[in-house]
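Breakdown of the fold
Take a look at the letters that make up each chain.
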Amino acid sequence: MIVALTREVGHNDALRTWLGADVDVREVPLTETHFLEHETVAHELASLENYGSFASLVITSARASEYLDLARAALGNDADVFSVGPATSQVLVAHGVTPRAQSSSRALELAPLIVKDPVLFLGASQAREELADDLSARGYDVAIVACYETLPVALSEHDAAVLHDADVVLIGAPSAWAVARELVNPSTWVIVPGVTTGDVVRSDHERVLEGWGPALGDVVNSLAP
């Protein structure tokens, strides 16, 4: 049983632990993160019309944590902070910020919980914008500021072959699937962390399972022929 892990180098330790020692794990990073200069993000935030008075802040990724202090400076008094996904919440709490609420996976779950505007979003330049669009449609004043971008990795012939031959491929984000899509065999099982990535992968691949966690090893072993 060959399992391909496709997150960036250094981000697969938890997955390896969950998978256990009964599978042949291969790492094939599909993306790399380019973080914007703090000065660039600070300038973008300071240029916003509502700088210093945002009533709600949505952090869409744990990767945005390095810019949290910059974003908080853009908030008004008693502003609410929301997070997309439990991993993002964990990072926020570690930085001394307790989110008012978090989505389990899909950002749009937060829509009914955000009741104060203007709203500031901080995350990836390629972030899905369903939540921002929903809030804008309700008349909220919304600003989106990117602090990083996810770039595709040019794969070697060896890495491409690993993806093609793997029995299971773990895909953590739509950006990773964009790289893997043409290389993953139709018979391969693709396991994603949640519904957002699941919807993207399922649009052109049939064998998709959702859910990363301590039971991942049992799930993978159940797929063995």
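Our subject is the structure that appears above.
The sections below set out a description of the structure shown in this document. Please read all numbers here as calculations on a predicted model, not as lab measurements. (Residues numbered from 1 in each chain as written. Predicted model: local features only at pLDDT ≥ 70, side-chain atom pairs only at ≥ 80, totals over all residues. Heavy atoms only, no water.)

1. Quick word on the sheet that holds strand S6 (residues 101–103)
By way of backbone hydrogen bonds, the strands of a sheet pair with one another, either parallel or antiparallel. Put simply, the test is: Paired strands are those between which DSSP finds at least two bridges. A run of H or I in DSSP counts as a helix once it spans at least four residues, and a run of E counts as a strand once it spans at least two, with each numbered from the N terminus. Orientation is described by axes fitted as lines to C-alpha atoms, over the contacting stretch for helices, and by angles from 0 to 180 degrees between their N-to-C directions. For this analysis, residues touch if any pair of their heavy atoms sits within 4.5 Å.
Spatially, the 6 strands line up as an open sheet ordered S3-S8-S7-S4-S5-S6, and their pairing is mixed. Every other strand in the sheet has two partners, leaving strand S3 (31–35) and S6 as the edge strands with one partner each. Across the sheet, the axes of successive neighbouring strands diverge by a mean angle of 25°, strand direction being ignored. In this fold helix H2 (residues 38–46) packs onto strand S7 (119–124) and strand S8 (142–152), with an angle of close to 155° to the strand it touches most, S8.

2. Side note on the sheet that holds strand S11 (residues 208–210)
Read from one edge of the open sheet, 5 strands run S2-S1-S9-S10-S11, paired in parallel fashion. Sheet topology places strand S2 (24–27) and S11 at the edges, where each strand pairs with a single neighbour. The mean inter-strand angle of the sheet, taken between neighbouring strand axes irrespective of direction, is 25°. With 3 bridges connecting them, strand S1 (residues 2–5) and strand S9 (residues 168–170) associate as parallel partners. Each bridged residue has a counterpart across the sheet, and for Ala-4 the counterpart in S9 is Val-169. Here helix H8 (residues 195–202) sits on the sheet and contacts strand S10 (189–192) and S11; the angle it forms with S11, its principal contact strand, is near 175°.

3. Describing the packing of aromatic side chains
Rules: Note on ring pairs: Phe, Tyr and Trp rings are taken, using the six-membered ring of Trp, and paired if centres are within 6.5 Å. Classes follow the plane angle, with under 30 degrees stacked, over 60 edge-to-face and the rest tilted. Lysine NZ or arginine CZ positioned within 6 Å of the ring centre and within 35 degrees of the ring normal marks a charge as sitting over the ring.
Summed over the entire model, instances satisfying the criterion amount to 1 aromatic pair. Pairing Phe-35 with Tyr-148 gives two aromatic rings, centres 6.0 Å apart and planes at 50°, and the pair type is tilted. Highlighted residues: Phe-35 in strand S3 and Tyr-148 in strand S8, separated in sequence by 113 residues. Over the ring of Tyr-140 we find Arg-138, and its NZ or CZ is 4.8 Å from the ring centre.

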